[in-house]
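# Understanding the architecture of this molecule
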Amino acid sequence: MKIKYLRFIAFLSIPFLSIGQSQPEYNWNAQHHFDRGDTLRGSLRLERNCFDVKHYDLDVRLDHRDKSIHGSNTISFTLIDSSKTLQLDLFKNLTIDSVSSQGQHLAYTREFNAIFVEIPQDWQLESQYSLTVWYHGNPTIAQNAPWDGGITWAETQMDKTWFAVSCEGIGASLWWPNKDHLSDEPDSMNMQFTVTSDLKCISNGRLIQVDSTSSDWHTYHWQVSYPINNYNVTFYSADYVHIHDTYTTIENNSLDLDYFVLPENAEKAEQHFKQMHGILNAFEHYFGEYPYINDGFKLVEAPYLGMEHQSAIAYGNNYERGYRGGMIPADMDWDYILVHETGHEYFGNSVSCNDHAEMWIHESFTTYMESLYVEYHWGIEAALRYLSHFTRHMNTEPIIGPMGVNFGEWKSSDHYFKGSWILHSLRHNIYDDRLWFESLRSLYDEYQHGHVSTEEVIIHFEERIEFPVRQFFYQYLYTPNIPQIRIKKKNKKVVEVELTESIDDLELHLQSGPHGKKIKLTKNNPITVSPTLTIDAWKAWLKQRYLIKIE
């Protein structure tokens, strides 16, 4: 979860060339500079496509005294294409000690933050292999987590050691070697974290055991049994206390709720986190059972605001309502970070994009889920009021960024807030809530524990909805412009409505008011309408349901 972004760039290729446009395509190159390092980080070249990661076995020692890391990662994979080298990733400020496979040292070279490992000549396609990277160094220190990235070294209010990592966007390779691309998740993962014995270390999945063979160091063994994207792999270390709860799912399964908080906040946390039952219940209603039930659900108090780390969510909202006390209507009392990051367990963690340029798939759907949470508990009118807080959009650039370079330098949070309104508007253009929720749920079900592209999202809705979905998404995702309609009074009961600013092929299906008929608008084609409300009331009604400008 981030509402600011990091810097990466490249060329935008738009798959909608057959759609008529009255506006020039957005030129990302005019706004950003990018180099080979960006391409190596964000692209899928042969050296990355030649192998499919199956499992990571990460074993590291974290020493807060000198802010260092020492360890190894064993990468198990299937070789699926012929290449002389395979590409791994590790930031250049970290030192590689060796790369080996079955006792054989493998030659490698480094370029920017990429590692190119020479593939032994006797390796066969469609066979499984593993290699281990040994490394050490001082990882990047986060300056403003979670919006930049790195390790946050902090102290609690009781002057105790406290540290954690966050790396969405910038990449997990800032602290451990891996194939650092969203498109390839391991099927499972083991993690061992060794920390000084005065600390505990919390990570994703299930705690298997704690080894305390030394009086100075303890090793925490964690295991993830589901696919996991690399930026979600995490650790938190402090003198935590543990609060346990259970939740019974709609399928009558028992879900462990485990909260790891600072001792001074234990009583407050136990009360505050009771709202998790209502959050999980709402999201189950719309999308089914929590997707990582075998790994449990954890909230871990972090020295930064929050992050959607799979099954181990970072929590740093100080037990306040809303977002640091604000950003939700004054009459609402729920924790934005709890709702948003839990929503990411469905969209972002379970259903993931393949390229950071398409992060709207993570953020727009999750932000829309916030309104569904409100709607489930307090009704549609409350949800409309909640969404109205998000109507200030910069629209200085498209929501879809340039592909292939790990892009993250958006100028605004449109792919959160405008993105939620795109989905909200699509719902009302469909004018059939049963069909809308069936289509939304089936999208999640089809791509659960997998990846989806923008094109696949569009095709999914095209196959289910009698509405020009492709033009709709092109307008709102690939251009920075919001369509504008002109409403002109003809007499007391009739108005003329015209779509005046949009791409040429866009259709908008608006309602003439509550229970009113559907109006189909196309560009520069005025029609007369008899709204079921006064003109001013109809305009206000439209603005609650459609992302449009009204003249």
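Figured I'd write up the structure that's included with this text. All figures in this text were calculated on a predicted structure; none of them were measured in a lab.

### Comments concerning the overall build of the protein chain
Tallying secondary structure elements over the protein chain gives twelve helices and 28 strands in all. Seen through its principal axes, the protein chain has C-alpha atoms that stretch 85 × 55 × 40 Å. Expressed as a percentage of its 551 residues, the buried residues of the protein chain come to 62%. Within the protein chain, contacts between residues separated by at least 24 positions form 69% of all contacts whose residues are at least 6 apart in sequence. Summed over all atoms, the accessible surface of the protein chain reaches about 21,000 Å², with 46% contributed by carbon and sulfur. Taken together, the 46 basic and 73 acidic charged side chains of the protein chain have centroids lying 10 Å from each other.

### Regarding the pairing of strand β26 (residues 518-522)
Residue alternation in β26 divides its side chains into a buried set, I519 and L521, and an unburied set, K518, K520 and T522. Pairing of strand β25 (residues 507-511) with β26, which is carried by five bridges, proceeds in the antiparallel orientation. Bridged to L510 within β26 is I519. Connecting β25 to the antiparallel partner β26 that follows it, the hairpin turn spans six residues, and G513 within it adopts a positive phi of roughly 140 degrees.

### Some points on the sheet that holds strand β27 (residues 527-529)
The pairing of strands in a sheet comes from backbone hydrogen bonds and takes either a parallel or an antiparallel form. Read across the open sheet, the four strands follow the order β27-β24-β23-β28; overall the sheet is mixed. For this open sheet the edge positions go to β27 and β28 (549-550), each flanked by a neighbour on one side alone. Note that strand β24 (residues 495-501) and β27 share three bridges and pair antiparallel. Paired with V497 across the bridge in β27 is I527.

### Overview of the pattern of salt bridges
Scanning the model with the defined rule gives 22 salt bridges in all. Among the ionic pairs, R385 bridges to D331, the shortest N-O distance being 3.0 Å. Note that R385 is positioned in helix α7 (residues 380-387) and D331 in the loop between β20 (313-315) and α5 (336-344), a separation of 54 residues in sequence. Taking the relative accessible area as the measure of exposure, D331 reaches 56% and is therefore exposed. We note a salt bridge from R434 to D432, for which the minimum N-O separation is 3.9 Å. A relative accessible area of 52% means that R434 is categorised as exposed. By relative accessible area, which is 27% here, D432 ends up partly exposed.

### Some points on the side chain of N204
Note that N204 resides in the loop between β12 (200-202) and β13 (206-211). A relative accessible area of 0% means that N204 is categorised as buried. A polar contact of 2.9 Å, which involves the side chain of N204, links it to the backbone oxygen of N232. Polar side-chain contacts of N204 include one of 3.0 Å to the backbone nitrogen of T234.

### Brief notes about the packing of helix α4 (residues 276-287) against α5
Between α4 and α5, the shortest axis-to-axis distance is 10 Å and the interhelical angle comes to 40 degrees. When the interaxial angle is binned, α4 and α5 end up oblique. Note that α4 runs across α5; the crossing there is right-handed. For the pair α4 and α5, the contacting residues are M276, I279, L280 and F283 in the first and L338, V339, T342 and G343 in the second. Classifying every residue of the contact of α4 with α5 by side-chain character gives six nonpolar, two polar and no charged.

### Looking at the nonpolar core
Counting 172 residues, the largest nonpolar core has L131, W175, Y236, F473 and I485 as the members making the most contacts within it. Apart from the residues lying within four places of it in its own chain, the contact partners of I485 are V497, E498, L499, T500, L510, L521, L542, I548, K549, I550 and E551.

### Overview of the sheet that holds strand β6 (residues 108-111)
The sheet built from three strands is open, its strands ordered β3-β7-β6 with antiparallel pairing. Of all strands in the sheet, those bounded by a partner on one side alone are β3 (85-89) and β6. In this sheet, neighbouring strand axes are inclined to one another by 25 degrees on average, regardless of whether the strands run parallel or antiparallel. As paired strands, β3 and strand β7 (residues 114-118) are joined by five bridges and run antiparallel to one another. Following the sheet pairing, T85 is matched in β7 by E118.

### With respect to the pairing of β24
Of all seven residues in β24, five are buried, a share of seventy percent or more. Looking at chain direction, strand β23 (residues 484-489) and β24 are connected through six bridges and run antiparallel. Residue pairing for β24: K489 is matched across the bridge by V495. Where β23 folds back on β24, the antiparallel hairpin that results is connected by five residues.

### Focus on the packing of aromatic side chains
As enumerated under the stated definition, the model contains 43 aromatic pairs in all. Positioned above the aromatic ring of W217, the side-chain terminus of R61 is 5.1 Å from the ring centre. Positioned over the ring face of F51 is K179, at 4.5 Å from the centre of the ring.

### Some details on the side chain of T479
By the secondary structure assignment, T479 is in the loop between α11 (469-478) and β23. Within the local environment of T479, its side chain forms a polar contact with the backbone oxygen of Q475, the two atoms lying 2.7 Å apart. A polar contact is formed between the side chain of T479 and the backbone nitrogen of N481, at a distance of 3.3 Å.

### Observations regarding unusual backbone geometry
A145 connects to P146 through a cis peptide bond whose omega is 5 degrees. Following the sequence through the fold, P146 ends up in the loop between β8 (128-137) and β9 (150-155). Of note in the backbone geometry, M327 takes a positive phi value of approximately 70 degrees without being a glycine. As for its position among the elements, M327 is in the loop between β20 and α5. Exposure remark for M327: the relative accessible area of 28% places this residue in the partly exposed category.

### Details of the environment of N113
On the secondary structure map, N113 appears in the loop between β6 and β7. Residues within four places of N113 in sequence aside, it is in contact with L88, D89, L90, F91 and K92.

### Describing α7
Taken together, the buried positions of α7 are A382, A383, L384, Y386 and L387. Among the structural elements, α5, α6 (360-378) and α8 (417-430) are those in contact with the buried residues of α7.

### Observations concerning α4
The end-to-end C-alpha distance of α4 is 16 Å, a good match for the 16 Å that twelve residues give at a rise of 1.5 Å each. Within the span of α4, buried status applies to M276, I279, L280, A282, F283, E284, Y286 and F287.

Each value, and the rule that gives it
Residues numbered from 1 in each chain as written. Predicted model: local features only at pLDDT ≥ 70, side-chain atom pairs only at ≥ 80, totals over all residues. Heavy atoms only, no water. Helix = DSSP H or I, 4+ residues; strand = E, 2+ residues; numbered from the N terminus. Buried < 20%, exposed > 50% of the residue type's maximum accessible area, 1.4 Å probe, protein only. Contact = heavy atoms within 4.5 Å. Areas by Shrake-Rupley, 256 points an atom, 1.4 Å probe, with all protein chains shown as cover. Lys, Arg positive; Asp, Glu negative; His and termini not counted. Charge placed at Lys NZ, Arg CZ, Asp CG, Glu CD. Pairing = 2+ DSSP bridges. Salt bridge = Lys/Arg side-chain N within 4 Å of Asp/Glu carboxyl O. Polar contact = N/O pair within 3.5 Å; in protein donor to acceptor, adjacent residues only side chain to side chain. Axes fitted to C-alpha atoms, helices over the stretch in contact; angles between N-to-C directions. Parallel < 35°, antiparallel > 145°, perpendicular 65-115°, else oblique. Left-handed = near helix turned anticlockwise from the far one by under 90°. Nonpolar A, V, L, I, M, F, W, Y, C, P; charged D, E, K, R; others polar. Core = buried A, V, L, I, M, F, W, Y, C linked by side-chain atoms within 4.5 Å. Phe/Tyr/Trp six-rings, centres within 6.5 Å; stacked < 30°, edge-to-face > 60°. Lys NZ or Arg CZ within 6 Å of the ring centre and 35° of its normal. Expected span 1.5 Å × (residues − 1).

Treat this as a map of the structure, not an account of what it does.
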